[in-house]
Amino acid sequence: MRQRNLSANHKRQRGKKSPPEQIPISAELQPIGDEESEPENSVINGVEMEYFVNHGTNCKDDVGVVTDVEHIDGHNLGTLSVSAVETNGNVEHIHEQIANGLMLPAVTKALAINVDGGQQLSGVHREDLIGMIKNAERNILLLDQARVHALEDLREILGEKETLQGEINTLEMRLAEADARIKIASQKKMQVELLEGQLEKLRNELIARGELELYENQNKFLNKEALLERDNHVHYLSKEVDTLRTENLALKDDIQTLKSMISNVKDTDERMVTLENECSLIESSMKELESKLLVSQQDSSKISTLKVEYQGLWEKVENLQHSLDKATKQADQAILMLQQTQDLRKKVDKLEESLEEANAHKVSSEKMQQYNELMQQKIKLLEERLQKSDQDIYSYVQLYQESLEEFQATLNSLKEESKKRTATGPVDMPWEFWSCLLLTIDGWVLEKKISNSDAKLLRELVWKKDRRIRDAYIACKEKNEHEVVSTFLRLTSSQASSGLHVVHIAAEMAPVAKVGGLGDVVTGLGKTLQKKGHLVEIVLPKYDCIQYDGIRDLRALDVTVESYFDGKLFQNKIWVGTVEGLPVYFIEPHHPNKFFWRGQYYGEHDDFKRFSYFSRAALELLLQSGKKPDIIHCHDWQTAFVAPLYWDLYAPKGLNSARICFTCHNFEYQGAASASELASCGLDAEQLNRPDRMQDNTSHDRVNPVKGAIVFSNIVTTVSPTYAQEVRTAEGGKGLHSTLNFHSRKFVGILNGIDTDAWNPAADNFIKVQYSANDMQGKAENKAAIRRQLGLSSADDQRPLVGCITRLVPQKGVHLIKHAIYRSLEMGGQFVLLGSSPVPHIQREFEGLANQFQKHEHVRLILKYDESLSHSIFAASDMFIIPSIFEPCGLTQMIAMRYGSVPIARKTGGLNDSVFDVDDETIPRKIRNGFTFVTPNEQGINSALERAFSLYKNNKESWKQLVQKDMNIDFSWDSSASQYEELYIKSLSRARAAASTT
């Protein structure tokens, strides 16, 4: 508040201060008019003239044209007025606006002013206007000078403002000091009040001591002599206060001494108490000593009696010592006699041994004689047999020579017959035959029924006069031309020495980009086809999370491949490398959405766009690189777009040599999306969103990539025969059963295999000890190692260990896995689970189980995927549980058997095609390899577990034989790859036959 008042006062002082001197601008301005006009007409009287506000008023005599310029640069420069100018008897109204140095804009305006009823001014000469302008410029210069003066005044005002602010600050400091002084004064006042109270107390004390009269006299004296007396009284009182203080100090000292004395007295009292206690203790100890003295006296009397007894005993001891000496002498004599007896015994033993040896020699000589007789008899028998065997050998040699001669004769006859047939072949068929055949082949070429390359191969057969083409021609005499062409084309396919060119376009490949079984299939099938002599190539997306350590010689190509998407062309960087010996192309899109830089393979909101982009880019790679594959094999919905893209867009562009094979590994995942999204990759959504093409069977505004691949592919497969039957039903087909039934002629189920190089217990570097079916000791050592690693009990080596490695999703029967854990414990087993769940509530449920069994000695749950640990669990487990609700193929049961772990599986899909119950009498015994159940409930899995535990515990030999049988089963890709190879060749043959007829 004080600060505000000070500033307000300061403002009032500034308001009272005399304003800066106003510059008489109007007095110094030159009039605007004729230069020759008289001086008295050019003077404007007064510093501030009255002016007319109404500028629009018409005046015949004196009209004031006023310009008011105020507050220029924040200062009041006064009022500037320009008087009217009268020229040649006419009144000119020139309204000038002068502000901040602007030129006068109203000069030209004066020419348009109407005076006296709208007549235009005509007497203004050019010289008059020039004079007016010059005068106006002079006035502007004067205004500039005034402005400079005003700025100087402003600087002075600002300086004064700063000095006033400094004064305000000093006043505020003084005010703060005054406040502090007031506080000190108030404190002193309080001290004075305290002193007055003390004086009042002293007065009362003096009254109590009888010095009241003196005090009253002093008061009278003080009343008479006012201030001086009072000072003396105060001085006296101060002395009294000092004396009182000294007395108080003395009293305090006395009190302290009294306190010390009292404490000394208390100490003496305590010492007295302790002394009394000590006296009582001494008295009690004296009493104890007296009692002990009485006891000792009694003991002394007993001791006297004991002395007498001791003397008698001492005499007895002396007698005993004497007898002991005698006995010792006798013992020494007995020892001497015993030693002599032992010596005699040794001599007797030696004599007996020599006697036994003599008897043995006698017996051995008799036996030797008998042995010699037997040997002679055997020698005679051997000589007889040798003679007989010589005769047999001689007869055998004769027979062999005879048979050899017969064979040679037969061979010679066959050679002669072959030579005759070869020699007589061309002769039998006239040259006209071969010429006619060549003409027929040339006609087929001209008619475009066969290709030039096929024609070349057929001509070579004709030129060689090959018997096969002659036999084929003779066999086809009664057939139509289409069948003849097909027969001849088969000769060309068998004539070609090179294998098939197969390109796999997939989203996974083990081990570099693996989520499930799809990656294992691409690698295993590709390697096996490669071993069979075929050219196999793989095309994959280049994920950022790919396992680069599994790729050899990875490098980027110098060229980029452009592919169409969302109406634009995007560049794709192409990388090449080898994985498990297979050539692999990795496509890295340069797309702003970074389709494959997401840190995971699947599960993104735009997966439909990601993989439709990749499918088109893969086909663009094949087209631009000039490849002519025989088979393009695509897998699951992620690359199902390849089939419609190939036939609709790329076959017309020249990529038309291939047949399309589509494999669906799990019909649960179909990738359906809005039909409008199909246009991004260049497909015609309107044409394809039809019931007979890609339209989803359950939602007509959506397209289904899997359905599109089934419709547009030449070969459609799934991963086991049983699963192929299941998906053709309404329950198993997941909406596609009608489509599969319609295309059933090209749909087949082929059981997957496993990579027996990667899953081989005899050469597995992940496990503790390598082993085989012929040497099972290593499996027991691996079991002990996993128990140590996971902290399981090893007290009972014979306790069975049940393993389970799976994704924890409803398809895998998670409720049955949970039940199997508890049931295995009840039956005296151990359980190890490795796996995780993408379903949050299932993951949380098993995390709770893992915490429950965290310190259990027989159960361990590891909720992640660990490649090394999975190998160890396969090698250590005695049984392996796969209770799937549905299972397209399943690889874990095959790997488990490869490692000697007996499978316990539900009869569904590929499990039904690979696991056969040991107790099923309808199945040949030699292929029974595990334990199965049908109903997916607790009773079903209980029956299989109980039978497995019973055989393991009660019949060790049968269990061992079962384990060895499982380890010897061939689950390699050889058989499956041969079936795919057959499908490829048949499809190509049909295509070539069809092409030859068109």
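Below is a summary of the structure that appears in this document. Not measured: the values here are computed from a predicted model.

## What to know about the overall build of the protein chain
Alright, step 1. Counting secondary structure elements, the protein chain contains 26 helices and 23 strands.
Alright, step 2. Put simply, the protein chain has 998 residues, and 38% of those count as buried.
Alright, step 3. For the protein chain, long-range pairs separated by at least 24 residues make up 71% of all intrachain contacts whose partners lie at least 6 apart in sequence.
Alright, step 4. For the protein chain, the exposed surface amounts to about 59400 Å²; the carbon and sulfur share of it is 53%.

## Observations regarding the pairing of strand 13 (residues 659–664)
Alright, step 1. Counted residue by residue, strand 13 has 6 buried out of 6 residues, so it is predominantly covered.
Alright, step 2. Alternating residues of strand 13 divide into R659, C661 and T663 and I660, F662 and C664, and every residue in both groups is buried.
Alright, step 3. Taken together, the 5 bridges between strand 12 (residues 631–635) and strand 13 define a ladder with parallel strand orientation. Bridging across to strand 13, H633 finds its partner in C661.
Alright, step 4. One crossover worth recording links strand 12 to the parallel strand 13 by way of helix 13 (residues 642–650), and it is right-handed.
Alright, step 5. Bridging between strand 13 and strand 16 (residues 715–718) involves 4 bridges; their strand directions are parallel. By the bridge assignment, C661 is partnered in strand 16 with I715.

## A look at the sheet that holds strand 20 (residues 859–862)
Alright, step 1. Taken in spatial order, the 6 strands make up an open sheet running 20-19-18-21-22-23, and their pairing is parallel. Each edge of the open sheet carries a strand with a single partner, namely strand 20 and strand 23 (931–933). With direction set aside, neighbouring strand axes in the sheet form an average angle of 15 degrees.
Alright, step 2. In terms of strand pairing, strand 18 (residues 801–805) meets strand 19 (residues 830–834) through 5 bridges, oriented parallel. Residue V802 lies in a different strand from strand 19, and its bridge partner there is F831.
Alright, step 3. Strands strand 18, strand 21 (879–882), strand 22 (902–906) and strand 23 of the sheet are contacted by helix 24 (residues 938–954), whose axis makes an angle of about 165 degrees with strand 23.

## So, the side chain of T932
Alright, step 1. Note on placement: T932 falls in strand 23.
Alright, step 2. Leave out the neighbours within four places in its chain, and T932 touches A905, K907, V915, D917, A944 and R947.

## Structural notes on unusual backbone geometry
Alright, step 1. Here the bond from A510 into P511 is cis, since omega is 0 degrees, no more than 30 degrees from zero.
Alright, step 2. Positionally, P511 belongs in the loop between strand 7 (501–505) and helix 11 (517–531).
Alright, step 3. A positive phi angle is found at D553, which is not glycine, with a value near 55 degrees.
Alright, step 4. You can see D553 is positioned in strand 9 (residues 552–565).
Alright, step 5. Overall, the relative accessible area of 60% leaves D553 in the exposed class.
Alright, step 6. Positive phi values are uncommon outside glycine, yet K734 reaches one of about 55 degrees.
Alright, step 7. Structurally, the position occupied by K734 is in the loop between helix 16 (721–726) and helix 17 (737–742).
Alright, step 8. Owing to a relative accessible area of 38%, K734 belongs among the partly exposed residues under this scheme.

## Notes on the pattern of salt bridges
Alright, step 1. Enumeration over the complete set of coordinates arrives at 20 salt bridges.
Alright, step 2. In this structure, the salt-bridge partner of E826 is R823, at a minimum N-O distance of 2.8 Å. Of this pair, E826 and R823 both sit in helix 19 (residues 814–826), 3 residues apart, which is roughly one turn of that helix.
Alright, step 3. Because the salt bridges share partners, they merge into one network encompassing K527, E580 and D755.

Here is what the cut-offs are and how they apply
- Residues numbered from 1 in each chain as written.
- Predicted model: local features only at pLDDT ≥ 70, side-chain atom pairs only at ≥ 80, totals over all residues.
- Heavy atoms only, no water.
- Helix = DSSP H or I, 4+ residues; strand = E, 2+ residues; numbered from the N terminus.
- Buried < 20%, exposed > 50% of the residue type's maximum accessible area, 1.4 Å probe, protein only.
- Contact = heavy atoms within 4.5 Å.
- Areas by Shrake-Rupley, 256 points an atom, 1.4 Å probe, with all protein chains shown as cover.
- Pairing = 2+ DSSP bridges.
- Right-handed = clockwise from strand over helix to strand, strands pointing away.
- Axes fitted to C-alpha atoms, helices over the stretch in contact; angles between N-to-C directions.
- Salt bridge = Lys/Arg side-chain N within 4 Å of Asp/Glu carboxyl O.

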